[in-house]
Structures are given as C-alpha cells and as structure tokens.
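As a plain string of letters, each chain reads:
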Amino acid sequence: MRFCPSPTGNPHVGLARTALFNWAHARHTGGTFVFRVEDTDAARDSEESYQGLLDALRWLGLDWDEGPEVGGDHGPYRQSLRMDIYADAAQQLLDAGRAYLAYDSPEELEERRVAARAAGGASGYDGLHRDLTDEQRAAYEAEGRQAVVRFRMPDEAITFHDLVRGEVTFEAGQVSDFVIRRANGQPLYTLTNPVDDATMGITHVLRGEDLLSSTPRQIALHRALVDLGIGEGVVPQFGHLPLVTGSGNRKLSKRDAGGSLTYYREAGFLPEGLLNYLALLGWSFGGDQELFTLDEMAAAFEISRVNPNPAQFDLKKCEAINGLKIRGLDVDDLARRLVPYLASAGLVSDPPTPEQQQLLTAATPLVHERIAVLTEAVDLLGFLFVDDAAFTVDPDDAAKVLDEAGLGVVSAARDALAALGTWDTASIEAALRAALVEGLGLKPRNAFGPVRVAVSGRRVSPPLFESLELLGRERGLARLSAPLA
RNA sequence: GCCCUCAUCGUCUAGGGGCCUAGGACGCCGCUCUUUCACAGCGGUAGCACGGGUUCGAAUCCCGUUGGGGGCACCA
C-alpha cells in the first residue's frame, strides 16, 4: 500500500480521506503502509508544505510503516531525493525504444491540440515525433531545440481491474504518448510515480477518481519497467475512490473554505471525529453503525465495500459525528484536549497552572454534552477563566435581558446569595429559587435569564448554579454587583 | 468535442431478485425533559432519475436515454 501526496498548499480533506482508506486497507490486510512525498515540481512544492503535510498526518494519527521520519528499506521517500533513479530509468526506456525524444515546441503542441479538438478528436499528443529519423533529430538539435522524453504507448487496449469499480478498459489509441521527462531534464510525475511504485514494491494503490484516466498510462509504463527489469516486477492494483465534493457538487478544492485540514484542526474537531466522518464518505461499517474507532475500521475495512459514487461533504453531519465522539471521551481526556484551544484564546497558560487545571477539571463536565467542536467550549467557559478586569457582558444580550426589571432580578439575586452560608450548587439553586421564583413570583426562565447574563456575560451559558459555584462566592457576587453600579 | 466514470430521501448511506407498503444517520419540523443552550427520548417530513427489456417476481440483472462528476499539461 502506499499514499503519495505532493506537498502543494494546505493539505485538504480529500487527501485525509485517501490517506485514511490506504491506511485502513494496509492495516486490515496486514500490509505495509508506505508514505512517499511526490515533490518533483519545484515550482509548486515547498518545504513549508512538506512540513504541513507531515504535521497533518501526525495530527490525524495515521501512522506509516515506511516513509519520512520512520525510514524503511526503500528510501529515500521524497522524490526530490531520488532524481538519479529517474534519470536512469528514463535513459533505459529511451535505449530500449520504449520512449523517444520529441522536439515539438509548446506553441506547436498547443496549435495542434486546438486544431484536433476543433476537428472533433481527442486532444492528446498526436505522435508527430514518434518515429523521427536520426537526421530529423539532428536538424532539430541544430535549431537549438531541447527535447522532452515521451513514453511510447503500446498499440493495444489496456484493461485493468479496479479495486472499487471492477473492470475498466481504455481502447488502443485513446491514450496518447505522454511526457516523462521535461526538456530541462527534470522527470515528471508520470515517470516518478510508476518507477517508485515499482522499486518500492508497491502492490496496492488507492487514490482519487481524478486519477482514473491516467491509470492506463501508468500501467503501460509499469509493464515496460517489468520488461526492462526495473523494480520488483509487480504492477500494482489500483482502486479509485469516489471524489469528495463540496457543496456545489464540485470537486472539493483546497481553496474551498471547508477544504483545508487546518480549518478542522483550528475549529476544534477531534482527529478521530473527522476521520470517522470521512470514512463514511464512500464506505460504511455495515448495518446501521456509524460510529467506530480507527481500530474497528481497520478490522472491518473491505475495499470491495467501497462505494463508487461521489460524495458531497456535509459539514453539519461532520460536526454531529464529532459531537458524538466528544461525548464518548472521558472528562479528563476532554479537558486535556481543551487546553490548546483555551490557551490560544489567552484564557489559560499551556500547561495550565494548578488552579486553572482544577477549575478546568471541574468545568469540563458542564460542556461535555453541549459542544460539537472544541472551540465552542472556549466561548462557553471563557467567563470562568477570564480576568475579572477583562470580563465583559455581551451588549446585545445585556440590552435584551438587563433592562430595569432584569436589574431588579439581579439585585435580588445578589442579596439572596450574599446571605448564603454554604456556597455550592444545591444551596445556590435553593436560594435563588426562593428569592426569585417564589419571592418575586417569576417564571424560572425570567428569573434566571438576567442572572445568567450578569454572571456569564451571555444568554447562552453552562448551567447557572454550577457556574456560580465554580466562580466562587467573591467573584460571583462581584459579577452580580457590577451591572448594578 | 473526445475518453473514463457514477446514478436509493436535501446530504451520507443500508440494500447481492421475493425478507422493501425501501432501513439508519445528518438536516428540517413537532413534542417530552428543562434555569439558557445543549444532551437524551419520542414522533413526523422526504428517495429507488427515466424508458425498455430479462423474470412468476426487480431498487437489486441487461440495454438505452437523461443527468452528474472526472480527465484530456514539459501539474500531481
């Protein structure tokens, strides 16, 4: 198995899904999961993207058996470090007549492409330089032209058994001779990918459906490599996963708002929540079960059960799954995961001080059932951690609830609590109910609303009595007094 | 334009010829619980793209149509 993204831009969810399925298949079958980085295009690849890629995979928690940082017998695992291998392969292909030099200029190619298409044909390479004589080549060289290397496609239909789609056939002549080495000598993905798969002993490849039409080219090249004795003599089996589309049913690109993996990380998705959701796009556990762990998925993953039709990414459902995953976490685990988010909001230090840790441990149960993503906890819990000087009440909520009547309620609440002996949830509740509901004859909703806003700063907050207990007597009373001043 | 591919509620899916008056989940709408918001529970809404076959019987098999998606680079 292998997974071989190229480090261009931010990793996106489609990439995560592909990695997940490859991982699951490797784990299920007991195979080796190879992670290779396809960075052959210097113009598009960057070290930053490379780091981002590793970072994203580590965050997701998908471990690989061979690849960057873990090594392996088939390294190096970055194509930029394997250039001599490709140069050698290209030369052997050329020497064997399986590839040839083509001197067409980009302008000429473009012109012929447009013409071919206008004539109703396919727009691939027309094979003009397929059988140049030595004299013709010499003439082009004399003009100062630089040749690319094109692979000579065999004149036969190519049929392969797609792991998810079954038999797929491309008729002879449908796939044109493709460039494997640029005029500047740099190899292209079309060459590096099969060469690496061959030399790394890759047997299975799961990738996006967008690569389906390039598969016959790769298979043809693989066969040539086998003939030449390059690599381990195995043509991998391919499986093409359905595309993950965005809301407009268009291919989800890394430029889409919800496309980038960093979005999910920053919004507070659990990696296992995102992965669980992604697994549902094109695969199902079976029966009515939608929630499972990575290990359960690996145990159950059957490539033949992968659905071939494209799936639209639904953020709402992704959040719902994530919320369910959060609810399945134990409280300490949840608290631990909240720390980075609270810290980046400036509410706690990372690691938290003992006092912060204590408060967090006590407060986490209050949000456990109410959040779908981790960042929601930051909004909900902020009032507990914020410096008193920095505490603010949401102006809209204040306007709605803290009117004259509301302030009267807050005042009564303060008086009742000031007289309270024991400061705990039950006592606070009893005192407030007595003073506001029974004393003032208010409906609970109207009684606690103003108090909630004064204490938490918002109309939506964790449960009020527990919040007051955690806030403590001094701070609690101060919050109630503040709007009265 | 050419090639490839896909087709079950709005979305993700279960479904391998009779267990299907098509099941689940998200969403949406009600209700219950309730100090807000949630959670949880209950109920509801909504679908086999169309047309031909095959068969005693098709969501399931075949063909076609239509529609969607992808590809057609000296990107990957």
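Everything numeric in this text was worked out from a predicted model, so none of it was measured. (Residues numbered from 1 in each chain as written. Chains lettered and ligands numbered in written order. Predicted model: local features only at pLDDT ≥ 70, side-chain atom pairs only at ≥ 80, totals over all residues. Heavy atoms only, no water.)

(A) Layout of the side chain of histidine 222. Looking at the secondary structure, you find histidine 222 in helix α7 (residues 215-228). Only 3.3 Å separates the side chain of histidine 222 from the backbone oxygen of proline 194, close enough to count as a polar contact. (Helix = DSSP H or I, 4+ residues; strand = E, 2+ residues; numbered from the N terminus. Polar contact = N/O pair within 3.5 Å; in protein donor to acceptor, adjacent residues only side chain to side chain.)

(B) Highlighting the protein's contact with RNA strand B. Around RNA strand B there are 71 residues in total, and Thr40, Leu188, Glu290, Arg370 and Arg452 lie nearest to it. Those atoms of RNA strand B that come within 4 Å of the protein belong to sugar or phosphate at a rate of 68%. Here a phosphate oxygen of RNA strand B and a side-chain polar atom of arginine 305 are 3.2 Å apart. One of the side-chain nitrogen or oxygen atoms of arginine 370 is found 2.5 Å away from a base nitrogen of RNA strand B. Put simply, the parts of the chain that give the surface near RNA strand B at least two residues each are α4 (106-118), β4 (148-151), β6 (166-170), β11 (311-312), α11 (315-328), α18 (444-456) and α19 (464-471). (Near = heavy atom within 4 Å.)

(C) Looking closely at the sheet that holds strand β3 (residues 99-102). Strand order in the open sheet formed by three strands is β3-β4-β7, with antiparallel pairing between adjacent strands. The open sheet has two free edges, formed respectively by β3 and β7 (179-181), since each of these has just one partner strand. Across this sheet, the average inter-strand angle for adjacent strands is 45°, counted without regard to direction. Sheet topology places β3 next to β4; four bridges connect them, and they run antiparallel. Along β4, the bridge assignment pairs tyrosine 100 with arginine 150. (Pairing = 2+ DSSP bridges. Axes fitted to C-alpha atoms, helices over the stretch in contact; angles between N-to-C directions.)

(D) Region of interest: the side chain of asparagine 22. Following the sequence through the fold, asparagine 22 ends up in helix α1 (residues 13-29). From its side chain, asparagine 22 meets the backbone oxygen of threonine 18 in a polar contact 2.9 Å long.

(E) Focus on helix α14 (residues 375-385). The element α14 is extensively covered by neighbouring structure, given that eight of its eleven residues are classed as buried. By the burial criterion, the buried members of α14 are Ala377, Val378, Leu380, Leu381, Gly382, Phe383, Leu384 and Phe385. Packing partners of the buried residues in α14 comprise α12 (331-344), α13 (354-368), α18, α19 and α20 (473-481). (Buried < 20%, exposed > 50% of the residue type's maximum accessible area, 1.4 Å probe, protein only. Contact = heavy atoms within 4.5 Å.)

(F) Examining the packing of aromatic side chains more closely. Under the definition given, this model contains 13 aromatic pairs. Each ring, one from tyrosine 277 and one from phenylalanine 313, has its centre 5.0 Å from the other, and the planes form 80°; the classification is edge-to-face. Highlighted residues: tyrosine 277 in helix α9 (residues 271-279) and phenylalanine 313 in the loop between β11 and α11, separated in sequence by 36 residues. By the burial criterion, tyrosine 277 is buried, and phenylalanine 313 matches it. Connected via pairs of aromatic rings, a cluster forms that spans Phe21, Trp283, Phe285, Phe292 and Phe301. In this structure, arginine 217 is placed above the aromatic ring of phenylalanine 178, and the distance from its NZ or CZ to the ring centre is 5.2 Å. (Phe/Tyr/Trp six-rings, centres within 6.5 Å; stacked < 30°, edge-to-face > 60°. Lys NZ or Arg CZ within 6 Å of the ring centre and 35° of its normal.)

(G) Focus on the nonpolar core. Membership of the largest hydrophobic core comes to 51 residues, with the highest contact counts inside it found for Leu417 and Leu432. Ranked by residues supplied to this core, first place goes to α14 with seven residues. With near-sequence residues (within four places) excluded, leucine 432 lies in contact with Ala413, Leu417, Val437, Phe448, Phe465 and Leu468. Val13, Ala298, Phe313 and Val373 belong to the second-largest nonpolar core, a separate cluster that totals 50 residues. (Core = buried A, V, L, I, M, F, W, Y, C linked by side-chain atoms within 4.5 Å.)

(H) Region of the structure containing the packing of α18 against α19. The geometry of α18 relative to α19 is characterised by a closest axis approach of 11 Å and an angle of 35° between their N-to-C directions. The hand of the α18/α19 crossing is left-handed. Contact residues: α18 offers Phe448, Val451, Arg452 and Val455, while α19 offers Leu464, Phe465, Leu468 and Leu471. Along the lines of polarity and charge, the residues of the contact of α18 with α19 split into seven nonpolar, no polar and one charged. (Left-handed = near helix turned anticlockwise from the far one by under 90°. Nonpolar A, V, L, I, M, F, W, Y, C, P; charged D, E, K, R; others polar.)

(I) Examining the environment of arginine 473 more closely. Position of arginine 473 relative to the elements: it lies in helix α20. The sequence separation of arginine 473 and threonine 422 amounts to 51 residues, and the corresponding C-alpha distance is 9.4 Å. Not counting residues within four places of it along the chain, the set of residues in contact with arginine 473 comprises Leu417, Ala418, Leu420, Gly421 and Trp423.

(J) A look at the environment of aspartate 84. Mapped onto the fold, aspartate 84 is located in helix α3 (residues 83-95). By relative accessible area, aspartate 84 is classed as exposed at 55%. Separated by 329 residues in the primary sequence, aspartate 84 and alanine 413 place their C-alpha atoms 78 Å from one another.

(K) Examining the confidence of the model for chain A more closely. On average, chain A scores 91 in pLDDT, and the residues at 70 or more come to 96%. Of all secondary-structure elements in chain A, the lowest mean pLDDT belongs to strand β1 (residues 2-3), at 72, while α9 reaches the highest, 97. (pLDDT = per-residue confidence, 0-100.)

(L) Structural detail: the pattern of salt bridges. Within the structure shown, the criterion is met by 29 salt bridges. For the salt bridge of arginine 27 with aspartate 63, the shortest nitrogen-to-oxygen distance reads 3.3 Å. Of this pair, arginine 27 sits in helix α1 while aspartate 63 sits in the loop between α2 (47-60) and α3, and the two are 36 residues apart along the sequence. (Salt bridge = Lys/Arg side-chain N within 4 Å of Asp/Glu carboxyl O.)

(M) How the structure looks around α4. Between its terminal C-alpha atoms α4 stretches 18 Å, which fits the 18 Å expected from 13 residues at 1.5 Å a residue. With its phi angle positive at about 90°, glycine 120 sits one or two positions after the end of α4. (Expected span 1.5 Å × (residues − 1).)

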